[in-house]
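Topology and contacts: notes
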Amino acid sequence: MIQIKTRTLGIANNPGPHKKQAGYNYMSELIVWSDSLSVGIQEIDEQHKILIDLLNQLHEAIVNRHAGEVTLGILSRLREYTKTHFTVEESLMRILGYPDYEEHKAHHEKLIAELESMFDKVERTGSSASFELMHFLKKWLTRHIMEEDQLYSPFFLERGARPTWEKRSWISRFWHHG
């Protein structure tokens, strides 16, 4: 099992569930990466880990009752990174001729619309994101990875996608995380 470090607001490591330190409430992470979330392609797994880390940051901000501007910033990064990740997946689907591309793309478009709506609501009202939002995002992300993304993995691998990196991911050139 791989633990993803929480990097919200300069916090380096989660010292354990429900402990307080320097004015912060530390909770268990909302989602912890495990092999059950792996699609078997390192490039995509690493991107999924970033999405999970962003959700954990948003969760921590909500638990610690940070202002709407803090959660809005995290939600904005989540929205932008999700778009980047979906572009990568959809590009691979088109290049490799994935037969369920249109259906998968429709799932992506629905989530982007929902993220945009949530972002607009938080921005418009100045309120913080809610636990209901976190529940929705957690459920959506884990279901999407474990069900929908698992379907394309064997197809990608059969078509020549490499399961591991030979060199560091190209995405790190324009998206810095952590």
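These lines cover the structure that appears in this document, whether it is placed above or below.

Calculation rules
- Residues numbered from 1 in each chain as written.
- Predicted model: local features only at pLDDT ≥ 70, side-chain atom pairs only at ≥ 80, totals over all residues.
- Heavy atoms only, no water.
- Helix = DSSP H or I, 4+ residues; strand = E, 2+ residues; numbered from the N terminus.
- Expected span 1.5 Å × (residues − 1).
- Bend = angle between axes of the 7 residues up to and from the residue.
- Buried < 20%, exposed > 50% of the residue type's maximum accessible area, 1.4 Å probe, protein only.
- Polar contact = N/O pair within 3.5 Å; in protein donor to acceptor, adjacent residues only side chain to side chain.
- Contact = heavy atoms within 4.5 Å.
- Salt bridge = Lys/Arg side-chain N within 4 Å of Asp/Glu carboxyl O.

For helix H4 (residues 131–158), spanning 28 residues, the distance from its first C-alpha to its last is 40 Å, which sits close to the expected 40 Å at 1.5 Å a residue. By the largest-angle criterion, Asp149 marks the main kink of H4, which is about 45 degrees. Looking one or two residues beyond H4, the residue adopting positive phi is Gly160, at roughly 105 degrees.

Look at helix H2 (residues 68–96): 41 Å from first C-alpha to last across 29 residues, which is about the 42 Å you get at 1.5 Å a residue. Of the residues one or two after H2, Gly97 is the one with positive phi, at around 75 degrees.

Another aspect to go through is the side chain of Asn56. Here Asn56 shows up in helix H1 (residues 42–63). Its relative accessible area of 3% is what places Asn56 among the buried residues. There is a polar contact of 2.8 Å between the side chain of Asn56 and the backbone oxygen of Ile31. Ignoring anything within four residues of it in the chain, the contact list for Asn56 reads Glu29, Leu30 and Ile31.

Okay, the pattern of salt bridges next. Counting across every chain of the model gives 6 salt bridges. Lys49 serves as the salt-bridge partner of Glu46, at 3.1 Å between the closest nitrogen and oxygen. Taken as a pair, Glu46 and Lys49 lie in helix H1 at a separation of 3 residues, close to a single helical turn. Classification of Lys49 as buried rests on a relative accessible area of 14%. Between Glu80 and Lys83 there is a salt bridge; the shortest N-O distance is 3.7 Å. With Glu80 and Lys83 both in helix H2, this residue pair falls 3 residues apart, about one helical turn. By relative accessible area, Lys83 is classed as partly exposed at 29%. The network of salt bridges with common partners includes Arg79, Glu80, Lys83 and Glu116.

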